[in-house]
Amino acid sequence: MKSCREVTRLLSEAQERPLDFSERASLRFHLMMCGACRNFSSHMASLRKISRAYAAGKRDAVETPPDRSRDD
Amino acid sequence: MSEHVAGGATALTDPEYLEGLRSQMQRFATLQLGDQDLAEDAVQEALVGALKSARSFGGRSALKTWVFAILKNKIADVLRQRSRYVEADRLVGTTGEESDLDELFTRRGHWRPEERPVPWVDPESAVDDREFWRIFETCLDHLPGRQAQVFMMREFIELESHEICAAAEISVSNLNVTLHRARLRLRECLENNWFAERG
């Protein structure tokens, strides 16, 4: 059984490469029983979405005062 | 969306809009290049590129996404070129960073009770909140320099692992360790300062 620390490492690496069969199996097994790591797993997905939004200039789209954020 | 009303070309001739956009780009580039002048060059080139074909853009938000995409390419170029200048001493010395994993996990690798990740409340709408972005940048600023740089290469510029390894002259395992730590820290910082507070 992998430790939480090891599982978070795999969940991080899954952002860079597809995990192999045994990695996926041990991950599934751990996540079934560990709510904290399930939360961590979904946070990885959120972190990616947030970062992509930031890199697309989203931060400043919301900082523009309302009257300038419109296109008319 | 009403962005068909005014075209991207119109937006880029509006001095006030252009200045705002330029300073946003400057901040984004400086964060990643750590160098005001290099950042300025990248922003300038991206804007010149944008002006050339701004006419084809329907509105400001499409234009902004696109201008940032150009800027990301410029930053990627600079980062790749800079690979040879990465000082060796920034690539060693992870001892200080080792200890912060001990703060999160017990010796046997379990989460410490107070460090267990909790569910995030409405992560989708955070991106629409300007206060959230301030916290995001602050958390990013608190990452150790190399963690921040590698994280930004991966998540903002979307370089692949092998490209980052080449640019930063680190091994794949070093890259994975660095990204793991960056994500652990950033996650925790965002949770403590935003996502958990609202729960």
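What you see is a predicted model, and the numbers here were worked out from it, not measured in a lab. (Residues numbered from 1 in each chain as written. Chains lettered and ligands numbered in written order. Predicted model: local features only at pLDDT ≥ 70, side-chain atom pairs only at ≥ 80, totals over all residues. Heavy atoms only, no water.)

Peer 1: I would appreciate a short explanation of the overall build of chain B in the present structure.
Peer 2: Broken down by element type, chain B carries nine helices and zero strands. Reading chain B from its N end, one meets helices and strands in the order α-α-α-α-α-α-α-α-α. Expressed as a percentage of its 199 residues, the buried residues of chain B come to 48%. Nonlocal contacts in chain B, meaning residues at least 24 apart in sequence, comprise 74% of its contacts between residues at least 6 apart. (Helix = DSSP H or I, 4+ residues; strand = E, 2+ residues; numbered from the N terminus. Buried < 20%, exposed > 50% of the residue type's maximum accessible area, 1.4 Å probe, protein only. Contact = heavy atoms within 4.5 Å.)

Peer 1: Can you help me understand unusual backbone geometry in this one?
Peer 2: With glycine set apart, most residues show a phi of negative sign, and most peptide bonds adopt trans. All names here are of chain B. Phi angles above zero are rare outside glycine, and E158 is one such case at about 60°. Within the secondary structure, E158 sits in the loop between α7 (145–155) and α8 (161–168). What makes E158 partly exposed here is its relative accessible area of 32%. Even without a glycine there, the phi angle at E169 is positive, about 55°. Topologically, E169 is positioned in the loop between α8 and α9 (172–195). Accessibility expressed as a relative area gives 42% for E169, which makes it partly exposed.

Peer 1: Hey, could you run me through the state of the cysteines in this one?
Peer 2: Applying the stated rule across the entire model yields one disulfide over all chains. Here C139 of chain B is linked by a disulfide to C189 of chain B, with a sulfur-sulfur distance of 2.0 Å. When the S-S torsion is -80°, as for the bridge of C139 of chain B with C189 of chain B, the disulfide is left-handed. You can see C139 of chain B sitting in helix α6 (residues 130–141) and its partner C189 of chain B sitting in helix α9, a full 50 residues away along the chain. Since its relative accessible area comes to 3%, C139 of chain B is described here as buried. The thiol sulfur of C34 of chain A is not disulfide-bonded, and the nearest other cysteine sulfur, from C37 of chain A, lies at 3.6 Å. Given the relative accessible area of 0%, C37 of chain A is considered buried. (Disulfide = S-S within 2.5 Å.)

Peer 1: Even after reading the chapter, I still don't get the interface of chain B and chain A, so can you show me in this structure?
Peer 2: Interface extent is often summarised as the accessible area lost during association of the parts. Counting residues at the interface gives 57 residues for chain B, matched by 38 residues for chain A. Buried surface at the junction of chain B and chain A, both sides included, amounts to about 4,200 Å², of which 55% is carbon and sulfur. Of all residues in chain B, the largest losses of buried area upon contact with chain A belong to W133, H180 and R183 of chain B, amounting jointly to 15% of the total for that side. Its salt-bridge partner being E16 of chain A, residue R183 of chain B comes within 2.6 Å of it at the nearest N-O pair. Here chain B and chain A share 16 residue pairs in polar contact (both at pLDDT 80 or more) between them. Breaking the side of chain B that touches chain A down by element, the ones donating at least two residues are α2 (15–33), α4 (60–81), α5 (95–104), α6, α7 and α9 of chain B. Of the residues in the side of chain B that touches chain A, the class split is 25 nonpolar, nine polar and 23 charged. (Buried area = accessible area lost by both parts, 1.4 Å probe. Salt bridge = Lys/Arg side-chain N within 4 Å of Asp/Glu carboxyl O. Polar contact = N/O pair within 3.5 Å; in protein donor to acceptor, adjacent residues only side chain to side chain. Nonpolar A, V, L, I, M, F, W, Y, C, P; charged D, E, K, R; others polar.)

Peer 1: Explain the packing of helix α1 (residues 4–13) of chain A against α9 of chain B here, please?
Peer 2: Between two packed helices, the angle of one axis relative to the other and the distance separating the axes together describe the packing. Direction vectors running N to C along α1 of chain A and α9 of chain B enclose 105°, while the axes themselves pass 9 Å from each other. Here α9 of chain B runs roughly perpendicular to α1 of chain A, going by the angle between their axes. The residues of α9 of chain B that touch α1 of chain A, namely those facing R5, T8, R9, S12 and E13 of chain A, are N176, L179, H180, R183 and L184 of chain B. Counted by class, the contact of α1 of chain A with α9 of chain B contains two nonpolar, four polar and four charged residues. (Axes fitted to C-alpha atoms, helices over the stretch in contact; angles between N-to-C directions. Parallel < 35°, antiparallel > 145°, perpendicular 65-115°, else oblique.)

Peer 1: When you look at helix α2 (residues 21–33) of chain A in this model, what are you seeing that I'm missing?
Peer 2: In an α-helix there are 3.6 residues to a turn, and that puts residues three or four apart on one side. Residue and element names in this part refer to chain A. Compared with an ideal rise of 1.5 Å per residue, which puts 13 residues at 18 Å, α2 spans 19 Å between its outermost C-alpha atoms and is within 8% of the ideal. Listed in full, the buried residues belonging to α2 are E23, L27, H30 and L31. What you see down the axis of α2 is that its buried residues fit within an arc of 95°, all on one side. Away from its buried face by more than 90 degrees, α2 exposes F21, R28, M32 and M33. In this structure, the buried residues of α2 make contact with α1 and α3 (35–55). Structurally, the start of α2 carries an N-cap: the backbone nitrogen of S22 is 3.1 Å from a side-chain oxygen of D20. (Expected span 1.5 Å × (residues − 1). Arc of directions from axis to C-beta.)

Peer 1: Got a minute to help me understand the packing of helix α3 (residues 36–52) of chain B against α4 of chain B in this structure?
Peer 2: Residues and elements named next belong to chain B. Packing of α3 against α4 brings their axes to within 9 Å, and their N-to-C directions diverge by 135°. It follows from the interaxial angle that α3 and α4 lie oblique. Crossing geometry of α3 relative to α4 is assigned as right-handed. The residues of α4 that touch α3, namely those facing L38, A42, V43, E45, A46, L47, G49 and A50, are W66, V67, I70, L71, K74 and V78. When grouped by side-chain class, the residues that make up the contact of α3 with α4 number eleven nonpolar, one polar and two charged. (Left-handed = near helix turned anticlockwise from the far one by under 90°.)

None of this, on its own, says anything about what the molecule does.
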